Amino acid sequence: MRRRHLVSRETKMAAQSRRRGLPPGTLLDSQAGPPASLRLLQYGVESYAEIPEPSIEKAAASIAGQAGVTWLHLQGVPQRSQLEELGQHLQIHPLTLEDIQSGFHQAKLEIFDNYLYLRYEVLHSHGEEIDVHPFHILLQEGLVISVATGRYDITESLLPRLQSAQSRLRQRSASYLLYALLDLVVDQAFPALQHFTERVERLEEDLLLHTHKDQLAAIQQAKRDLLLFNHALWPMQETVSRLSHSIGEHPLLRPTLRPFLNDLYDHTIQLMSLLNSERDVVGGLMDIYLSMVNNRLSDIMRILTIISTIFIPLTFITGIYGMNIDGIPLLHYRYGYDIVVGFMWLVAVAMLWYFRRRGWIFQGQGKGK
């Protein structure tokens, strides 16, 4: 089955080529498509509310008027006007807005005076397909902005937790919501990697049972998938480590966040350990494929060699009796033809018996020496 990756190398290069010659921080005109949908939540220890008709302007106004946490989520590809609003009302740096619009960078952490910016890649596995889309998080004092450009809103799983007054999310600051979003992104990688592992195991079993040409393309695709996982997971581990070490150095990161980030870092280590194991397995698939092909070729050559070896003495006998020279034994004898043909059969059967005894043929029945 042909697999589809939402972020291809061609798409990345095309997106970057559109910015050639432009000053840093320049926003491009939005491509055709609906603007990103908005969801605006305000919550605290004693309150929770979802703001109707959400807007970026309302999110900016709520920061000054509320002591709790404001969460602005954009689902979809933001339009240029939406990004410009973010920069105008929430003082987001133009380079950050450019990163959100381009969406084709590795995971990163950028620390500004008034906010933190994190960029990750979310992995989704749908059968034989692996979808990758960027996920952006901005943390300000009392405000979290998240931007997800994928088809599925992974943040919906946080809504029941926010609606519960006993939830840890309701009891803590905006930095804990940042951690909860990061935890969602990391957790998405586990099922995607698990599906990839199952696919590699099926391919390995198929290789050992029967080798065919389509498996070579499947092995090559598995190698490409490994690069995709590595591109997403390795920088993720680095940024989580940097974020953990930034606690105490930036006022937006509370010291109470340290154990949670350490636990999240452990999860990224588990992911990289699984990824390294799969890299070894996929690397061995090509060796298995070549070995099976060579074994099959060896079996074919062995059969052809045995057939040729059997026909050597038979060809010698027919060559002698094909000379038509008087004096050849049994040449004019009435039963000479039957005797010669019977002798040739006897030679062929005797050679087959010898090859079987040596284990060169019928190895499932005979024992080699």
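Bear in mind the structure is a predicted one, so any value in this text is a computation, not a measurement. (Residues numbered from 1 in each chain as written. Predicted model: local features only at pLDDT ≥ 70, side-chain atom pairs only at ≥ 80, totals over all residues. Heavy atoms only, no water.)

### Points about the side chain of Arg199
1) Next: Structurally, Arg199 can be placed in helix H7 (residues 174-209).
2) Next: At 2.4 Å, the side chain of Arg199 and the side chain of Asp225 are in polar contact. (Helix = DSSP H or I, 4+ residues; strand = E, 2+ residues; numbered from the N terminus. Polar contact = N/O pair within 3.5 Å; in protein donor to acceptor, adjacent residues only side chain to side chain.)

### What to know about the confidence of the model for the protein
Low-pLDDT portions of the prediction should not be read for the details of their coordinates.
1) Next: When pLDDT is averaged across the protein, the result is 83; 89% of the residues are at 70 or more.
2) Next: At the low end of the mean pLDDT range in the protein sits helix H1 (residues 9-17), at 50; at the high end sits strand E7 (residues 143-148), at 92.
3) Next: Taken as a whole, residues 365-369 scores under 50 in pLDDT and shows nine contacts with residues more than four places along the chain or in a different chain. (pLDDT = per-residue confidence, 0-100. Contact = heavy atoms within 4.5 Å.)

### Section: the pattern of salt bridges
1) Next: The full count for this structure, using the stated rule, is seven salt bridges.
2) Next: Where Arg39 meets Asp153, a salt bridge forms, and the shortest distance between an N and an O atom there is 3.0 Å. One end of the pair, Arg39, is in strand E1 (residues 37-43); the other, Asp153, is in the loop between E7 and helix H5 (159-163), and 114 residues separate them in sequence. Both residues of the pair, Arg39 and Asp153, count as buried.
3) Next: Between Glu84 and Arg80 there is a salt bridge; the shortest N-O distance is 3.1 Å. Highlighted residues: Glu84 and Arg80, both in helix H3 (residues 80-90), separated by four residues, approximately one helical turn. (Salt bridge = Lys/Arg side-chain N within 4 Å of Asp/Glu carboxyl O. Buried < 20%, exposed > 50% of the residue type's maximum accessible area, 1.4 Å probe, protein only.)

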